[in-house]
Number of protein chains: 2
Amino acid sequence: MTKQPAPPALDRYDRHILEILQREGRISNQELADRIGLSPSPCLRRVRALEESGLIVGYRARVDSRRLGYSLTALLHISMDRHTPERFANFEAQVAALPQVQECLLITGQEADYQLKVVVRDMDDYQNLLLNCITRIEGVSGAHSSFVLRRVIDDTVLPAPE
Amino acid sequence: MTKQPAPPALDRYDRHILEILQREGRISNQELADRIGLSPSPCLRRVRALEESGLIVGYRARVDSRRLGYSLTALLHISMDRHTPERFANFEAQVAALPQVQECLLITGQEADYQLKVVVRDMDDYQNLLLNCITRIEGVSGAHSSFVLRRVIDDTVLPAPE
DNA sequence: ATGAAATCGGCATAAAATGCCAATTCATCA
DNA sequence: TGATGAATTGGCATTTTATGCCGATTTCAT
C-alpha cells in the first residue's frame, strides 16, 4: 500500500476541472480552459497535475450495456463458509476472471460477505453463471439474487470538497 | 422511451475500439488507430458512429474518491411502505438531489425496494445523511446499511459480444 | 462476372496540445 | 508598508492531432 505524497489542496479551478471532466471526459483542453476561465496552458498543467497526483485515476468511455446485448443486471450476495484469507483470496481471483462481473464489493452489515454486480444477456445466462461458475467456487456457502429493475441514478459526479 | 434506429452490428474493429476506449477514454485517435490497425480516418469515423448510435454514451474521468476525502462507501437498502407510483417518483427525486448518492437501483428479490450506494467522508456524515435525509423521505419504511470494506473489482470493461 | 454500396487510405487544412519564457500575482517577512 | 522570492499565468512558436474530402479498394448481391 503506497500512500501518495501530499494532499494537493484544490482551489476552485481544480474543483471546476474535476467536475467538468467527470461529466465530459473527452472535452478538449481548449474548451475546458474556456469553461473554467483560464488560458489553455495553465489549464493543461492543472489537468496533468491532477492526473499525476492520482486524483484523476483515468478516463473511460461509458457504453450502453443494454445496447450491447446485456439486458439483465443482477446483484448477487455471496456468503462464505469459513472466513480464512485463503478462501477469500481464491474467491476474489475466480470472480475477477469472470467478465460478467462488473463489480465485487467486500461488505459488512449484511448476512453476506460479498456483493457482486453482474451483467448478462438474459436469465439463462444468469442461471448458467450462477450455477456453473459462482456457486462452484470453493468456500461459497450461499447466494442470494436481486435483479435490477431500473437504474434510477447511475454513477454521479463526486463533488470536490472544501 | 425512444428506441434508436437499428443494431449496427459490430465487427472486430468496433469491438476493439470499444474495449480500448473503455479503458483509455482519452486516448488520441491516432494512437487508437494504430492499436486497432486502421488509419486515423476510418478509425475516427467508427468512433463517431459508435457515439452517435448511442452505444458509447459518454466519457468520464474517474476520480479517487478516497483521495477526495470520501473514505466511507455504504450500501443502503430501502423499503417503501406503499408501492404507489407517486411514492416512488417522489423518493427518486429526493434521492437524486443528494450528491452523496452515487447510485440508486430499483431492485427485486431483496426485502428492499431500492439499493443506494452512497459515498461520505465518515461515519458522522453517514449518520447525518441517513437520519436527516434518507429516512425522512415520505414513504420510506425501512433502511438497512452495509458498509464497503474493500472494492475487490471496481468497474470492469464490458466485452462486446460476437 | 459485374455494378453498386460501403469502407479504406492519403492528403490538405483546421484545431488542439505542448513547451518555453517573460510578465503577473501572491505570500511572506523585514 | 514595501520589497523579495516563489508560484502561476498568458502568449507564442512548434509539434501533434483532428477533420473533411476524394479517389482507390473492397464487399456483396445479383
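Cut-offs used in this document
All residue numbers refer to positions counted from 1 along the written sequence of the respective chain. Key to labels: chains lettered from A, ligands numbered from 1, both in the order written. Reporting in this predicted model follows two pLDDT cut-offs: at least 70 for local features of residues, and 80 or more for side-chain atom pairs to be given and counted; totals over whole chains, interfaces and linings ignore these cut-offs and use all residues. Side-chain figures throughout are based on the complete set of non-hydrogen atoms in the structure, without hydrogens or water. Helical segments are the DSSP runs of H or I of at least four residues, strand segments are the runs of E of at least two, and each set is numbered from the N terminus. In this description the radius of gyration comes from C-alpha coordinates, and the expected globular size is given by 2.2 Å times residues to the power 0.38. Three labels apply to residues, based on accessible area from a 1.4 Å probe with only protein chains included: buried if under 20% of the type maximum, exposed if over 50%, partly exposed otherwise in between. Pairs of residues are marked as contacts when any of their non-hydrogen atoms sit within 4.5 Å. Computed with a 1.4 Å probe, the accessible areas rest on the Shrake-Rupley method; for each residue, only the protein chains presented here act as cover. When we say a residue is near a molecule or strand, we mean one of its heavy atoms is within 4 Å of it. Counted as a polar contact is a pair of N or O atoms within 3.5 Å, where, for protein atoms, one must be capable of donating a hydrogen and the other of accepting one, and residues adjacent in sequence contribute only when both atoms are in side chains. Residues are grouped as follows: nonpolar covers Ala, Val, Leu, Ile, Met, Phe, Trp, Tyr, Cys and Pro; charged covers Asp, Glu, Lys and Arg; every other residue, Gly included, is treated as polar. Each axis is a line fitted through C-alpha atoms, and for a helix only the stretch in contact is used; angles between axes span 0 to 180 degrees, taken between their N-to-C directions. Should an angle fall under 35 degrees it is called roughly parallel, over 145 degrees roughly antiparallel, and 65 to 115 degrees roughly perpendicular, with every other angle called oblique. Only residues with pLDDT of at least 70 in both copies contribute their C-alpha atoms to the least-squares superposition of the copies. These domain limits were set by an automatic method or by a database of domain assignments. We call two strands paired when DSSP finds no fewer than two bridges between them.

- Chain A goes by Lrp/AsnC family transcriptional regulator in an unreviewed UniProt entry, where it is assigned to Modicisalibacter tunisiensis.

**Observations regarding the overall build of chain A**
So, point 1. Each helix and strand in chain A was counted, giving 5 helices and 5 strands.
So, point 2. Secondary structure elements of chain A occur, N-terminal to C-terminal, as α-α-α-β-β-α-β-β-α-β.
So, point 3. Scaling as 2.2 N^0.38, a compact globule of 162 residues should have a C-alpha radius of gyration of about 15 Å, whereas chain A reaches 20 Å, well beyond that.
So, point 4. Overall size of chain A, expressed as C-alpha extent along the three principal axes, is 55 × 40 × 25 Å.
So, point 5. Evaluated residue by residue, chain A yields a buried proportion of 48% over its 162 residues.
So, point 6. The contacts of chain A with a sequence gap of at least 6 include a subset with a gap of at least 24, amounting to 63%.
So, point 7. Taken as a whole, chain A presents about 8,300 Å² of accessible surface, with 49% of it coming from carbon and sulfur.

**Quick notes on the protein's contact with DNA strand C**
So, point 1. Lining the immediate surroundings of DNA strand C are 13 residues, of which N29 and R48 of chain A together with S39, S41 and R46 of chain B lie closest.
So, point 2. Backbone atoms, meaning sugar and phosphate, make up 57% of the atoms of DNA strand C lying within 4 Å of the protein.
So, point 3. Between DNA strand C and Q30 of chain A there is a distance of 3.0 Å, counted from a phosphate oxygen to a backbone nitrogen or oxygen.
So, point 4. In the model, a phosphate oxygen of DNA strand C is placed 2.4 Å from a nitrogen or oxygen of the R48 of chain A side chain.
So, point 5. Among the secondary structure elements, those contributing two or more residues to the surface near DNA strand C are α2 (29-36) and α3 (40-53) of chain A together with α3 (40-52) of chain B.
So, point 6. Of the residues contributing to the surface near DNA strand C, the split by class is 3 nonpolar, 6 polar and 4 charged.

**Overview of the packing of helix α1 (residues 12-23) of chain B against α3 of chain B**
The description of two packed helices rests on the angle between their axes and on the distance between the axes.
Residues and elements named next belong to chain B.
So, point 1. Where α1 meets α3, the axes come as close as 10 Å, and the angle between the chain directions of the two elements is 75°. Considered as vectors, α1 and α3 are oriented roughly perpendicular to each other. Only C43, R46, V47 and L50 of α3 make contact with α1, whose side of the interface consists of Y13, D14, I17, L18 and L21.
So, point 2. The residue inventory of the contact of α1 with α3, partitioned by class, reads 7 nonpolar, no polar and 2 charged.

**A closer look at the relation of the copies chain B and chain A**
So, point 1. Mapping chain B onto chain A calls for a screw motion: a turn of 180° about the axis and a shift of 0.0 Å along it, with 0.1 Å RMSD after fitting. Such values leave the two copies arranged in the relation of a two-fold axis.
So, point 2. The share of interface residues of chain B whose copies in chain A are also at the interface is 100%, consistent with both copies meeting through the same surface.

**Side note on the domain arrangement of chain A**
So, point 1. The domains assigned to chain A are domain 1 (12-53) and domain 2 (72-147).
So, point 2. The straight-line distance from the C-alpha centre of domain 1 of chain A to that of domain 2 of chain A is 38 Å.

**Some words on the pairing of strand β3 (residues 101-108) of chain B**
So, point 1. Of all 8 residues in β3 of chain B, 7 are buried, a share of seventy percent or more.
So, point 2. Across 5 bridges, strand β5 (residues 140-153) of chain A lies against β3 of chain B in antiparallel orientation. Of the residues in β3 of chain B, the one forming a bridge with R151 of chain A is L105 of chain B.
So, point 3. Note that β3 of chain B and strand β4 (residues 114-120) of chain B share 5 bridges and pair antiparallel. Bridging across to β4 of chain B, L106 of chain B finds its partner in Y114 of chain B.

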